[in-house]
Amino acid sequence: MGGHVTDLQQATIASGDDDARSGPDVDVVVVGAGIAGLYLLRRLRDLGISARAFETADDVGGTWYWNRYPGARCDVESIDYQYTWDPDLLDEWTWSERYATQPEILRYVEYVADKHDLRRDITFRTRIADARWDDTSSTWTIRTERVDGQVDGPADDGGGAAGTGETIRCRWYVMATGCLSAPKDPDIEGAGVFTGEVYVTGRWPHDGVDFTGKRVAVIGTGSSAIQSIPLIADEADELVVLQRTPNFSIPAHNGPPTADKVARFDGRVDEYREEARWSSAGVPRDMPELGALQVDDAARRARYEQAWEEGTIFSLTGAYNDLFLNPAANETAAEFVRSKIRSIVDDPATAEVLCPTTYPIGTKRLCLDTNYYETFNRSHVSLVDLRSEPIERISETGIDLASGRSLTVDAIVFATGFDAMTGAIVRVDIEGRDGVALADKWADGPQTYLGLMTHGFPNLFMVTGPQSPSVLSNMAVSIEQHVEWITDALVALRDERLDVIEPTELAERAWVRHTNDFADITLFPQANSWYMGANVPGKARVVLPYVGGVDRYRQACVDVVESGYLGFRRANSANGDRAGDVVNDGIIRPLAPDVMVMLDMMAELGLPPLESMTPTDARAFMEASAAMSPPGPEVADISDGTYPGAAGELAYRRYVPHDAAASATDALSPLILYFHGGGWVLGHATSDDAFCRDLANRTGAIVVSVDYRHAPEHRFPAAHDDAWAALEWAVSAAQELGGDPDRLAVAGWSAGANLAGHVCHRARDEGAPHIAAQLLVTPVTDHRMATPSYGENADGYVLTSSLMRWFMDHYVDGARRDDDRLSILHAHDLSGLPPAVVVTAEFDPLRDEGAAYADALRAAGGSATHLRAGGQIHTSLMAVGALATPAEVREAAFVEFGRLVD
Ligand code: NA7
């Protein structure tokens, strides 16, 4: 294979590099000959890029080579779980069942390898001993080891003794090693001393196992166990299942594909496959529009029954749109499955042990079974609950339990799972730039850009790596997407006469954060699952797959390329000094994920822009939206009243924080006068209700939110005059309100923050009252509406620049906009103002004027803490209880403000 000069090498040779002239032995080394490795080989060959693959096993198949345990099947339907890159396969191959068995899938993979003559590029019975990046020649040096012994033994690395291998130099190195390929060490004392038969589901003997007449113990109740237990029970004399954590499983209803599925697929294969590529899990399906709690019990039950009958891993947890977000919604689905378990399993005590209660349904991969729960009704099958009766040790004859019971068995089956997603990658000794080991870099969790590459390890790619959708998707779809992205990237390098690619630190840091933030808005982190790395002792607990969906992820990958490989450094290896490097640093998904999801949902609704409405309609629309928002935290008391505005009575609402009631009744609390947002046109004293509740609770202050007159009925300076009237009233009525007039502060959001800022100016000018502090959340400070943030965030982030103009036009004439009262940034004097906490949001037209105001206050000798809400939009901080990611900056603002007020 090595030796022939490919187009890619030609590009580097033309650039005159000595190392390149001696050349790598091969363009690409691929590790793994499973579904991913095979497609990669085929595609590289088509592109004229030389490649060699190495595979520990003695044949192709990957997961389907190793997992030969009884009952092993794919949990994604065969219609979906197959290659699409060779369209003829559809005519050449007919699946015999809806969910194909392992032998059938393996035959399919072998068929493809034969048809495309792929084995000639694969060296079998060989594993990678180590891989080192050489920054001078920009090549990877790979050392391999021959696996001389059995490759079907239960050892964690594929088994077998190591023999001498070879050393290969390549330009690119691709780990197509699979997500569930490194079996977890059997972390049970005495695991080696048992003298009976020992089997590991992920390393099953090729000749099969006959359990007839035997006493068998199965340790584990994950998908592998759930698939194999009913079949082992068919043969064994006695079967004992040792369960640490029960799993949720639903019946596969295997057989021919459903009529629905066939109708959707037949005659429109290309559209179907395109739908799959742009679906959330890599399988086309109708997305739910409702939340589980938006329907009544009977409707919900009927929907779950239907999902139970459908028998796919997506149908139940995809029945409603909030099952991964809202614990109460999730509980309805979990309880439905528990009720099924109770109805299937005869013995109520056994049923209870089989019912999962410690994590939300779906946060561990849902299992598909055939007669799993029914198996526990068989008289020779028993269940041990390891939570109440843990394993003490494995002995020569069986398993000793801490209760004193000993289970004497002839065979033990370890169905104990895998060191998922990172295990197969970090178990190889991979050394990047400056001798950094990948295992060390990832010690606290994987750090990748798009789950495809990692900084410091140029030209190393991963197929379905951590922080890509991978195991949360139909792997067949995700594998093809990654193989295509990687090979397209190599072609783009070739076209641009480059040969090195590496993500930047910034892009990677942001992707890791995006991935974690996304997981944090879901229920996934609540489970001790292999998705979280929680099944392997000592492994960092961090979400491993990207939870945002195949569609969103694919779009991000497309956008990276269309933005000129955003977040990558690309180079020509001949340029030793890096002067010619093409660095396109940046962040691909800077918006916080929950904000992104919310904006996507709003876009789907196709709502008319507020500025296209009349103020009356816009107000009604805002009211209707507010009615759907979460209510905000409990406070000790809420009361409503009126105060004398500048031109008549206006409403206010008073919030008493939850700990004020607990403190001494005669003690006065700090008092915060709050001005709502809404561009002087929308909103009212209670429209920022959730925010005010949170503000009260977190500062311990009484919060009084006041109405003021609105435009266009009352134009400038009506709102400003009312704001001042509210301040004068608040001072005089402070004690009555339970507030300490000497600890009076003002706060506001948006146009309300403009009013809060204004009253601080006037109080200073008039010498009273004393204002202890001001909290300005995304304030309007500058009448010109011309900062860069106006341009950058003109559209798409709720507060658009045209909406801001609409507000301004309704409230104030052009000629009066530079008035000190409105344009507080340009006021004649910014000294002597109360200490300020200013919060700005990254994706907000008002960002720069808020930042400029904080700077100006400091320049005038004042104190201003400026908190930047990264990834947030103008309305984010108000969404208390609805958006998770702004909570951190909101809390920080409240803590600082509370400190200033108290
Ligand atoms: P899983 O889903 O990780 O299941 C492993 C099971 O083994 C699970 O029930 C574990 O309990 C149990 N386990 C692991 N270690 C122990 C020890 N030390 N003692 C007792 N029980 C233990 O792996 P699978 O192979 O079944 O499935 C993996 C994926 O393959 C599956 O999701 C499909 O996508 C295909 P725990 O939950 O950790 O308490």
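This structure is a prediction, so every number in the text was calculated from the model and none was measured.

The subject of this paragraph is the sheet that holds strand β29 (residues 864-873). Picture the strands of a sheet paired through backbone hydrogen bonds; they go either parallel or antiparallel. Within the open sheet, the 8 strands sit side by side as β22-β23-β25-β24-β26-β27-β28-β29. Their pairing is mixed. Because the sheet does not close on itself, it has two edges, and the strands there are β22 (637-645) and β29. Neighbouring strand axes in the sheet, compared pairwise and without regard to direction, differ in orientation by 20° on average. Pairing of strand β26 (residues 739-749) with strand β27 (residues 774-777), which is carried by 4 bridges, proceeds in the parallel orientation. Across the sheet, Val 746 pairs through a bridge with Gln 774, a residue of β27. Taken strand by strand, helix α22 (residues 718-737) contacts β22, β23 (648-656), β24 (669-675), β25 (702-706) and β26, and its axis lies near 145° from that of β26.

Our focus in this paragraph is the pattern of salt bridges. Considering all chains together, one arrives at 75 salt bridges under this definition. Ionic pairing is found between Arg 301 and Glu 305, a salt bridge with its closest N-O pair at 3.3 Å. In this pair, Arg 301 and Glu 305 are both assigned in helix α10 (residues 297-310), 4 residues apart and thus about one turn of the helix distant. A residue is classified by how much of its surface remains accessible, and Arg 301, at 37% relative accessible area, is partly exposed. Residue Glu 305 is classed as partly exposed on the basis of its relative accessible area of 25%. Overlapping salt bridges, with partners in common, bring together Asp 135, Arg 433, Glu 502, Arg 569, Arg 578 and Asp 581 in one network.

Quick look at empty space enclosed by the protein now. Across all of its chains, the model carries 4 cavities of 30 Å³ or more by this definition. In this structure, the largest cavity spans a volume of roughly 80 Å³. Every residue along the wall of the largest cavity is listed here: Ile 79, Asp 80, Gln 82, Thr 84, Phe 265, Tyr 272, Arg 273, Ala 276, Arg 277, Gly 282, Asn 474 and Val 477. Residue contributions to the lining of the largest cavity peak at 4 residues, all from helix α9 (residues 269-277). Taken together, the residues that form the lining of the largest cavity break down as 5 nonpolar, 4 polar and 3 charged. There is about 50 Å³ of room inside the second largest cavity. As for the second largest cavity, its lining consists of Thr 84, Arg 277, Ala 476, Val 477, Glu 480, Gln 481, Glu 484 and Arg 554. The dominant element in the lining of the second largest cavity, judged by the number of residues it contributes, is helix α16 (residues 475-495), at 5 residues.

For the rest of this paragraph, the subject is the site of the ligand. Within the structure, the ligand sits among 21 residues, and Lys 184, Asp 187, Ser 224, Thr 245 and Lys 364 are positioned closest to it. The contact in question runs from an oxygen atom of the ligand to an N or O atom on the side chain of Ser 224, over 2.6 Å. Here an oxygen atom of the ligand sits 2.9 Å away from a polar atom, N or O, in the side chain of Arg 244. Relative to its free-state accessible area of 780 Å², the ligand is covered by the protein chains to the extent of 89%. A per-class count over the shell around the ligand returns 7 nonpolar, 8 polar and 6 charged.

A few words now on the nonpolar core. Within the largest apolar cluster, 151 residues are counted, with the highest numbers of intra-cluster contacts made by Phe 211 and Trp 485. If one sorts the elements of this core by residue count, α16 sits on top with 10 residues. Of all hydrophobic cores here, the second largest spans 65 residues; its members include Leu 671, Phe 716, Ala 733 and Val 812.

Let's shift gears to the sheet that holds strand β9 (residues 238-243). Across the sheet, 5 strands lie side by side as β7-β16-β8-β9-β12; this open sheet has parallel pairing. Each edge of the open sheet carries a strand with a single partner, namely β7 (197-200) and β12 (381-385). This sheet shows a mean twist of 20° between the axes of neighbouring strands, independent of strand direction. Pairing of β7 with strand β16 (residues 411-414), which is carried by 4 bridges, proceeds in the parallel orientation.

What follows deals with the packing of aromatic side chains. Applying the stated criterion to the full structure yields 41 aromatic pairs. Look at Trp 93 and Tyr 111: their rings are 5.6 Å apart centre to centre, the planes differ by 45°, and that puts the pair in the tilted class. Taken together, the residues span a long stretch of sequence, with Trp 93 in the loop between α5 (89-92) and α6 (102-115) and Tyr 111 in helix α6 at a distance of 18 residues. Taking relative accessible area as the criterion, Trp 93 reaches 15% and is therefore assigned buried. The exposure class of Tyr 111 is partly exposed, given its relative accessible area of 28%.

A separate point is the confidence of the model for the protein chain. Summary statistics for the protein chain give a mean pLDDT of 94 and a share of 95% for residues scoring 70 or more. Confidence over residues 10-21 falls short of pLDDT 50; this stretch has 21 contacts with residues more than four positions distant or in other chains. Within the model, the stretch residues 152-159 combines pLDDT values under 50 with 25 contacts to residues more than four positions away or in other chains.

Glancing now at helix α3 (residues 35-46). With 12 residues, α3 extends 17 Å from end C-alpha to end C-alpha; this agrees with the ideal 16 Å at 1.5 Å per step. Among the residues making up α3, those that are buried are Ile 35, Ala 36, Gly 37, Leu 38, Tyr 39, Leu 40, Leu 41 and Leu 44. Directly beyond the C-terminal end of α3, a positive phi value near 75° is found at Gly 48.

What follows deals with the environment of Ser 625. Residue position: Ser 625 is located in helix α20 (residues 615-627). What makes Ser 625 partly exposed here is its relative accessible area of 26%. Within the local environment of Ser 625, its side chain forms a polar contact with the backbone oxygen of Phe 621, the two atoms lying 2.9 Å apart.

Cut-offs used in this document
Per chain, the residues get numbers from 1 upward, laid out in the order the sequence is written. Thresholds applied to this predicted model are a pLDDT of at least 70 for local features of residues and 80 or more for the giving and counting of side-chain atom pairs; totals over whole chains, interfaces and linings are not thresholded and use all residues. Excluded from the side-chain calculation are hydrogens and water; included are all heavy atoms of the structure. We call two strands paired when DSSP finds no fewer than two bridges between them. Secondary structure elements follow DSSP: runs of H or I of four or more residues count as helices, runs of E of two or more count as strands, with numbering from the N terminus. With axes taken as lines fitted to C-alpha atoms, and helix axes fitted only over the stretch in contact, angles between N-to-C directions fall between 0 and 180 degrees. Note on contacts: a residue pair is in contact if any heavy atoms of the two residues lie within 4.5 Å. Each salt bridge in this description consists of a side-chain nitrogen of Lys or Arg and a carboxyl oxygen of Asp or Glu lying within 4 Å of one another. Burial status follows relative accessibility: with a 1.4 Å probe on protein chains alone, a residue under 20% of its type maximum counts as buried, one over 50% as exposed, and anything between as partly exposed. Every definition here rests on a 1 Å grid over the protein atoms only: cavities are sets of points where a 1.4 Å probe fits but cannot get out, pockets are open sets enclosed by protein on both sides within 12 Å along at least five of seven lines, and lining residues have some atom within 4 Å of a point. Grid points are joined across faces, edges and corners, and a volume is the space filled by probe spheres set on the points. By the convention adopted, Pro, Cys, Tyr, Trp, Phe, Met, Ile, Leu, Val and Ala count as nonpolar, Lys, Arg, Asp and Glu as charged, and the other residues, Gly among them, as polar. We call a residue near a molecule or strand whenever a single non-hydrogen atom of that residue lies within 4 Å of it. For this analysis, a polar contact is any N or O atom pair within 3.5 Å, provided that within protein one partner can donate a hydrogen and the other can accept it, and provided that sequence-adjacent residues contribute only side-chain to side-chain pairs. Computed with a 1.4 Å probe, the accessible areas rest on the Shrake-Rupley method; for each residue, only the protein chains presented here act as cover. Put simply, a nonpolar core is a bunch of buried Ala, Val, Leu, Ile, Met, Phe, Trp, Tyr and Cys residues held in one set by side-chain atoms that sit within 4.5 Å of each other. Only centres within 6.5 Å qualify two rings of Phe, Tyr or Trp (six-membered ring in Trp) as a pair; their planes then separate them into stacked at under 30 degrees, edge-to-face at over 60, and tilted for everything else. pLDDT expresses, on a scale from 0 to 100, how confident the predictor is about each individual residue. Multiply 1.5 Å by the residue count of a helix minus one, and that product is the helix's expected span.

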